[in-house]
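Each chain is listed here by its residues.
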Amino acid sequence: NHAGGFSFVLDDWARLDRFLVLGVEAGTYYVGERTLTKENAAVVTRCLAVDGARVVRRIVEVSEAGRAPKTEPCIFALAMAMKLGDAPTRAAAQAALPRVCRTGTHLFGLAEAVQAFGGWGRGTKRAFASWYTAPSEEDLVYQAIKYQARNGWSHRDLLRLAKPKGYAPETVRGSVFHWITRGWPEVGDAPHPDAVLARVWAFERAKQSASPAETVRLIEEYRLPRECVKTEHLQERVVWDALLRSGSGMPLTALLRNLARMTASGLLTPGSAAARLVAARLGADAARWRAAHVHPIAVLG
């Protein structure tokens, strides 16, 4: 092994599982992250050559079961399958994209990996387009306002690459696509009459919010997540209180990540109603934790 000692030999499929679950984020004492990444990429390549469909199935199984603390290894391997596999493997990987990339952040990570492995063919563009066309308009808007950009990619970039077809500007989904790629025409005082597009209006309105009170109203009426709130308003206890009470404003993963900030704002104090609500959310049944894909390591952190 890398330490110069002897160890049991793992076959490539066991090494694939190890990579998908553990990744190579920090390297080890004996070998750096770059070397480990190359070695594991070679393992994925060999497994793809033997049975690409099995690789894709395993990626989906590990991702959907929430076995990996981080999604990056599964996304990296999926990109390899999409770009380096044979035709059936590429088709299976493209079909698996929405199951592995469940959020906009995941999709941006896949776009970065796809770019590194050869860019954008027609099948890849169709797969990315399906990510935008398959969910309901309400779910699409939520993804667009919560996961706006990452790693130099945005939804605007991906929609312009994918070019989903058949959605006229006057339809709700077509209007959402137009907003993502070209912006909201004008943010007036009156919300849009359509419920889905009213949430888009509220997101744009929150960018211009003049006070924490207005931000609270928008969170409560339109279920805006934390990512829609102006940075200066995230110092206010009333804003965190509104986000906490809004189900979509503070899902389980976001709740875990923002415990310290809610405490610093003065919202979470011993015995307070907010503290009891947080305790009730964290004590949710196992099915809700599994549905949120929260890994035990994330809870320990």
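Description of the structure in this document. Note that the structure is a prediction, hence the values are computed from the model and not measured.

1. Digging into the overall build of the protein chain
So, step 1. Regarding its fold elements, the protein chain presents 17 helices and 2 strands.
So, step 2. Restricting the contact set of the protein chain to residue pairs at least 6 apart, pairs at least 24 apart contribute 61%.
So, step 3. Of the roughly 15700 Å² of accessible surface on the protein chain, 54% is carried by carbon and sulfur atoms.
So, step 4. Of note, the protein chain has its 40 positive side-chain charges centred 3 Å away from the centre of its 29 negative side-chain charges.

2. Quick notes on the environment of Glu186
So, step 1. Within the element layout of this structure, Glu186 appears in the loop between helix H9 (172–182) and helix H10 (195–207).
So, step 2. A residue is classified by how much of its surface remains accessible, and Glu186, at 64% relative accessible area, is exposed.
So, step 3. For the pair Glu186 and Ser130, spaced 56 residues apart in sequence, the C-alpha to C-alpha distance is 29 Å.

3. As for the pattern of salt bridges
So, step 1. Inspection of every chain in the model, using the stated rule, returns 15 salt bridges.
So, step 2. We note a salt bridge from Asp189 to Arg205, for which the minimum N-O separation is 3.1 Å. Of this pair, Asp189 sits in the loop between H9 and H10 while Arg205 sits in helix H10, and the two are 16 residues apart along the sequence.
So, step 3. With a closest N to O distance of 3.7 Å, Glu221 and Arg217 form a salt bridge.

4. Looking at the packing of aromatic side chains
So, step 1. According to the stated counting rule, one finds 8 aromatic pairs in the structure shown.
So, step 2. Residues Phe76 and Phe117 carry aromatic rings whose centres are separated by 5.4 Å and whose planes lie at 65° to one another, so their mutual orientation is edge-to-face. One end of the pair, Phe76, is in helix H3 (residues 72–84); the other, Phe117, is in the loop between helix H5 (104–116) and helix H6 (122–133), and 41 residues separate them in sequence.
So, step 3. Judged by relative accessible area, Phe117 falls into the partly exposed class, the value being 22%.

Conventions and cut-offs
Residues numbered from 1 in each chain as written. Predicted model: local features only at pLDDT ≥ 70, side-chain atom pairs only at ≥ 80, totals over all residues. Heavy atoms only, no water. Helix = DSSP H or I, 4+ residues; strand = E, 2+ residues; numbered from the N terminus. Contact = heavy atoms within 4.5 Å. Areas by Shrake-Rupley, 256 points an atom, 1.4 Å probe, with all protein chains shown as cover. Lys, Arg positive; Asp, Glu negative; His and termini not counted. Charge placed at Lys NZ, Arg CZ, Asp CG, Glu CD. Buried < 20%, exposed > 50% of the residue type's maximum accessible area, 1.4 Å probe, protein only. Salt bridge = Lys/Arg side-chain N within 4 Å of Asp/Glu carboxyl O. Phe/Tyr/Trp six-rings, centres within 6.5 Å; stacked < 30°, edge-to-face > 60°.

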